Amino acid sequence: MSAVAPLETAESISDIAFAFMGSKALFAALHVGLFSALSEKTLTAEQLARATELEVDRVTTLLTALTVLGLVRRDGSGFANSSAAEAYLVKGRKYDFGDYLRFQIDKQMYPFLTQLNEAITGTLKPDQVSSYAEWFSDPEQARLYSKSQHAGSLGPGRGLAKMVDLSNARTLLDVGGGTGAFSISLCKAYGDLKSTILDFPNVAVVGREFIAEAELSERISYQPGNALEDTWPQKTDVVLMSYLFSGVPGDEIAGLVRKAKETLTPGGRFVVHDFMVDENREGPKLAALWQLQHTAFNPKARSITSSYVRDLMEAAGFENIEVGEMIPGMTMLVHATKPA
Ligand SMILES: Nc1ncnc2c1ncn2[C@@H]1O[C@H](CSCC[C@H]([NH3+])C(=O)O)[C@@H](O)[C@H]1O
């Protein structure tokens, strides 16, 4: 991964400093259904104002911002979607991720960044969220987050099923498994596999709904609780931790690796999936920014690399350690075997 060229101009700093305005223009447009209203047609600001029941000056200002960002384009005297907006931001399109952006990113991640200054200086106040446990003690927050996370993880789950051969495994422990997107994808790919998901009680409530919908309630169950405090089910053939390391205090990670080793059956596989930056700390950009995002609500989070995870696995006595990219430019997969 090649490094970004260091910036040389004031404008390039401004681009970063004011980027949040563009993020908000995108989210506001999604909330009023603007891209869906513009789907496959060209509308003037007045027509769009009528379609979205908004005031015309405000629609004009929003459309102008979206046009300079390239999300929409001028078409004669009207406005039309860019091809990206048409493909990814219109309701019902196959690859639409508008709901993920307007719920998880705008309603949860964006507000968390308003406490980043305190998180960085270690001065979060008691009423500010400083862990997943605290955040998900609110059932509505747990539901809102988990639903979009689920949609985002089904695809990577299918990818994982192809990258790691689990055909000999019968039991999976999915630590911080959320609503079970990975467990569901893996159980669908491997007919003999059963999974136990360890996650907070308010997440389990939502997950059971998804698992019932996938008709896998017989094979996927929950042990609701806190992975850092509770006793884990023993003798499992696979332990999976997807996005768990980024969500716990950095000094807990080594203990999680050791606990995985104790829990696994001999020959069992330990699989870790998470945001990991390159060894030289020059990228990938989204991995680095997502790690920073996690620090905003988990101030003891650690910015990890795949070598860091590999070294911990080696120290814990794992072998056949393999490292690969999972979501390009964003996440890595590190997996290893407990000696037979
Ligand atoms: N201490 C903890 N104990 C149990 N679950 C946790 C803990 N800390 C974070 N989590 C969960 O870790 C998950 C991170 S989101 C990732 C969910 C899922 N593994 C996936 O890849 O899609 C959330 O569901 C959190 O509730």
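Residues numbered from 1 in each chain as written. Predicted model: local features only at pLDDT ≥ 70, side-chain atom pairs only at ≥ 80, totals over all residues. Heavy atoms only, no water.

Some details on the site of the ligand
- Residues in contact with the ligand amount to 19 residues; listed here are only the nearest, Ser-153, Gly-176, Asp-199, Asn-226 and Ser-242.
- In this structure, an oxygen atom belonging to the ligand sits 2.5 Å away from a side-chain N or O atom of Ser-153.
- Between the ligand and Ala-227 there is a distance of 2.8 Å, counted from a nitrogen atom to a backbone nitrogen or oxygen.
- In isolation the ligand offers 560 Å² of accessible surface; the protein chains occlude 98% of this area.
- Per-element accounting of the shell around the ligand gives the leading share, three residues, to helix α10 (residues 139–163). (Near = heavy atom within 4 Å. Polar contact = N/O pair within 3.5 Å; in protein donor to acceptor, adjacent residues only side chain to side chain. Areas by Shrake-Rupley, 256 points an atom, 1.4 Å probe, with all protein chains shown as cover. Helix = DSSP H or I, 4+ residues; strand = E, 2+ residues; numbered from the N terminus.)

Some points on unusual backbone geometry
- Of note, the bond from Gly-283 into Pro-284 is cis; its omega dihedral lies within 30 degrees of zero at -10°.
- Residues other than glycine seldom take positive phi values, yet Glu-40 does so here, at roughly 55°.
- Within the secondary structure layout, Glu-40 lies in the loop between α3 (34–37) and α4 (45–52).
- Residue Glu-40 is classed as exposed on the basis of its relative accessible area, which comes to 69%. (Buried < 20%, exposed > 50% of the residue type's maximum accessible area, 1.4 Å probe, protein only.)

Some remarks on the packing of aromatic side chains
- One pass over the full model with this rule turns up 15 aromatic pairs.
- Their ring planes at 85° and their centres at 4.8 Å tell us that Phe-112 and Trp-135 sit as a pair that is edge-to-face. In this pair, Phe-112 is assigned in helix α7 (residues 98–113) and Trp-135 in helix α9 (residues 132–135), connecting sequence segments 23 residues apart. Both residues of the pair, Phe-112 and Trp-135, count as buried.
- Measuring from centroid to centroid gives 5.6 Å for Tyr-132 and Trp-135, while their planes differ by 35°, and the two rings are tilted. One end of the pair, Tyr-132, and the other, Trp-135, are both in helix α9, three residues apart, so they sit about a helical turn from each other.
- A residue is classified by how much of its surface remains accessible, and Tyr-132, at 10% relative accessible area, is buried.
- Through a chain of ring-to-ring contacts, three or more aromatic side chains come together here, namely Phe-112, Tyr-132, Trp-135, Phe-136, Tyr-145 and Phe-297.
- Between the NZ or CZ atom of Lys-24 and the centre of the ring of Tyr-110, over which it lies, the distance is 4.6 Å.
- Its guanidinium or amino end placed over the ring of Phe-79, Arg-74 lies 4.3 Å from that ring's centre, counting from NZ or CZ. (Phe/Tyr/Trp six-rings, centres within 6.5 Å; stacked < 30°, edge-to-face > 60°. Lys NZ or Arg CZ within 6 Å of the ring centre and 35° of its normal.)

So, the confidence of the model for the protein chain
- For the protein chain, per-residue confidence averages 97 on the pLDDT scale, and residues scoring 70 or more make up 99% of the total.
- Scored by ipTM, the complex comes to 1.00, with pTM at 0.96. (pLDDT = per-residue confidence, 0-100.)

Topic: the pairing of strand β4 (residues 194–199)
- Alignment of strand β3 (residues 171–175) against β4, held across five bridges, turns out to be parallel. Within β4, the residue paired with Leu-173 across the bridge is Thr-196.
- In terms of handedness, the path from β3 via helix α11 (residues 181–189) over to β4 forms a crossover that is right-handed.
- Looking at chain direction, β4 and strand β5 (residues 220–224) are connected through five bridges and run parallel. Bridge pairing in β5 links Ser-195 to Ile-220. (Pairing = 2+ DSSP bridges. Right-handed = clockwise from strand over helix to strand, strands pointing away.)

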